[in-house]
Structure formats: C-alpha cells, structure tokens
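The residues making up each chain are set out below.
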Amino acid sequence: EMLYGPTNEELVTDIFQSFVNSYKDLPKNLYHIQWKFRDEIRPRFGVMRGREFLMKDNYSFDLTKKDAIISYNNMFSAYIRTFLRMELTPISLRADTGQIGGDLSHEFQILANTGESTLYYDKKLASLDPKNINPEKLQSYYAVVDDMHDDKKCPIPRNQLQISKGIEVGHIFYFGTKYSEKLGAYVQNNKGK
C-alpha cells in the first residue's frame with residue numbers, strides 16, 4: 001500500500017508537538033521540499049504544474065496571534081524578495097483559503113502572457129522596490145484573481161486597475177490554532193501552564 005499527502009499540516013504539527021514543549025523554543029519554523037502528487041481535476045497547463053511537482057512547504061509555530069502574523073509577514077516578504085531577485089514581477093493577491101482553511105491567505109502570481117489566471121490589481125504593485133518591501137502596505141493594495149473581482153465593487157479607479165495574466169507560484173495561509181488544538185500541540189507558558 002502507498003499513501004501520499006497533498007499537504008502536510010497534520011504531519012508537521014505532530015512532529016512539532018513531539019519535540020517542542022516550551023514557549024522558549026518559539027517561534028519555530030519547520031520546512032521541507034519534496035515531490036508533490038495531486039490528482040487535480042484540472043492540472044495547470046501540463047508541464048507548468050501537472051499532477052507531480054516539486055514544492056516547498058513551510059510551517060511556523062508561534063505563541064500568540066501577533067507573533068503568528070509576524071511569521072506570516074516574514075514569509076510574505078521572503079516570497080516577494082525571492083521572485084524579485086529572479087527578475088520576475090510578483091503580484092501578491094488576497095486569496096480564498098479553500099479547503100485548506102484559515103482566515104488569511106495570499107497567493108503569489110508571476111506575470112506571464114501564458115498564465116491561466118486573470119489578475120486584477122493596482123498598477124503600483126508592478127513597480128515594487130526590492131529594498132522597500134512592507135508586507136502590510138503591499139497587502140493593502142487591491143489585488144484579486146478573476147473569480148474574486150467585481151467591476152461594480154472594485155475600490156480603485158478604472159484607470160488605476162491593471163488586468164494581466166499570471167501563473168501561481170506560491171501560496172501562504174494563516175491557520176490560527178486549527179491544527180495545533182486538534183492535534184494537542186501545546187507548549188508550556190512562562191507561568192508553568
């Protein structure tokens with residue numbers, strides 16, 4: 001028999017709870033890079049992302065929501081900086097969390113005429129300064145994928161709206177305590193509880 005996971009939240013949370021038990025060990029980031037296998041209903045353009053692709057997963061464990069948002073923003077910045085160093089134009093878009101869950105999510109798209117997604121975003125996002133990446137500021141710009149855009153409810157003027165094609169190359173999520181509570185991943189706090 002063979003078992004494979006499309007994602008690893010449960011496994012990584014289990015590893016964390018087996019080895020970390022004090023708030024002094026936080027924040028903690030665990031990551032791995034491995035081949036992913038997915039029986040996608042609609043694989044993305046075959047070779048771009050088929051049913052098998054190499055992927056990095058990273059999971060942060062933090063003591064408070066405030067600390068978790070700092071970790072989220074650090075990962076957000078890391079993605080933007082990485083793509084800019086590769087001389088690509090990354091667009092960060094507020095995204096639906098889908099089946100994976102959580103209440104905060106951003107996906108990263110690279111502008112490409114061959115992309116399958118239609119992006120609607122503030123023109124300012126296409127001229128990022130790599131030395132001045134501020135996640136909170138970037139997240140405040142209007143940027144959504146086709147199925148989340150509504151012309152009538154768009155908060156920016158039409159002449160400021162850019163419409164392009166893109167390829168999704170990264171996605172981050174804020175899960176809160178969704179997995180840690182269910183799997184008993186607790187740490188002792190500074191009061192011994």
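Let us look at the structure shown here.

Cut-off values and rules
Residues numbered from 1 in each chain as written. Predicted model: local features only at pLDDT ≥ 70, side-chain atom pairs only at ≥ 80, totals over all residues. Heavy atoms only, no water. Pairing = 2+ DSSP bridges. Helix = DSSP H or I, 4+ residues; strand = E, 2+ residues; numbered from the N terminus. Phe/Tyr/Trp six-rings, centres within 6.5 Å; stacked < 30°, edge-to-face > 60°. Buried < 20%, exposed > 50% of the residue type's maximum accessible area, 1.4 Å probe, protein only. Expected span 1.5 Å × (residues − 1). Contact = heavy atoms within 4.5 Å. Patch = residues over 30% accessible without salt bridge, like charges linked within 9 Å, V, L, I, M, F, W, Y side chains within 5 Å. Areas by Shrake-Rupley, 256 points an atom, 1.4 Å probe, with all protein chains shown as cover. Salt bridge = Lys/Arg side-chain N within 4 Å of Asp/Glu carboxyl O. Core = buried A, V, L, I, M, F, W, Y, C linked by side-chain atoms within 4.5 Å.

1. Thoughts on the pairing of strand E7 (residues 161–174)
Logical step 1: Bridge count for strand E4 (residues 104–111) against E7 is 8 bridges, and the pairing is antiparallel. Among the inter-strand pairings, Glu107 is bridged to a residue of E7, identified as His171.
Logical step 2: Bridge analysis of strand E5 (residues 117–122) against E7 gives 6 bridges, and the strand direction is antiparallel. Directly across from Tyr121, in E7, lies its bridge partner Gln162.

2. Description of the packing of aromatic side chains
Logical step 1: Considering all chains together, one arrives at 6 aromatic pairs under this definition.
Logical step 2: With a centroid separation of 5.9 Å and an interplanar angle of 5°, the aromatic rings of Phe173 and Phe175 are classed as stacked.
Logical step 3: Take Phe175: its relative accessible area is 18%, and that puts it in the buried class.
Logical step 4: Ring plane angle 80° and centroid distance 5.1 Å describe the contact between Phe175 and Tyr179, whose orientation is recorded as edge-to-face. Just as Phe175 is buried, Tyr179 falls in that class too.

3. Details of helix H2 (residues 65–85)
Residue pairs three or four apart in sequence face the same way in an α-helix, which turns once every 3.6 residues.
Logical step 1: Under the 1.5 Å per step criterion, the end-to-end length of H2 is 30 Å for 21 residues, consistent within 8% with the ideal 30 Å.
Logical step 2: Buried residues of H2: Ala68, Ser71, Tyr72, Asn73, Phe76, Ser77, Tyr79, Ile80, Phe83 and Leu84, and no others.
Logical step 3: Summarising the contacts, the buried residues of H2 are in contact with strand E2 (52–61), strand E3 (90–94), E4, helix H3 (135–140) and E7.
Logical step 4: Two residues or fewer past H2, Glu87 is found with a positive phi of approximately 60°.

4. Remarks on a nonpolar patch on the surface
Logical step 1: Judged by side-chain polarity, Tyr31, Ile33, Trp35, Phe37 and Leu54 come together as a nonpolar surface patch covering roughly 590 Å² of accessible area.
Logical step 2: Sort the elements by how many residues they give to the nonpolar patch and strand E1 (residues 28–37) lands first, with 4 residues.
Logical step 3: Checked against the element boundaries, Trp35 lands in strand E1.
Logical step 4: Residue Trp35 is classed as partly exposed on the basis of its relative accessible area of 48%.

5. Considerations on the nonpolar core
Logical step 1: Ranked by internal contacts, the top residues of the largest apolar core, which has 21 residues, are Ile80, Ile91 and Phe108.
Logical step 2: Those elements that provide at least two residues to this core are H2, E3, E4, E5, strand E6 (143–145) and E7.
Logical step 3: Considering each element in turn, this core owes the most residues, 7 residues, to H2.
Logical step 4: Formed by 7 residues, the second largest nonpolar core is a distinct cluster that contains Val20, Leu26, Tyr59 and Phe61.

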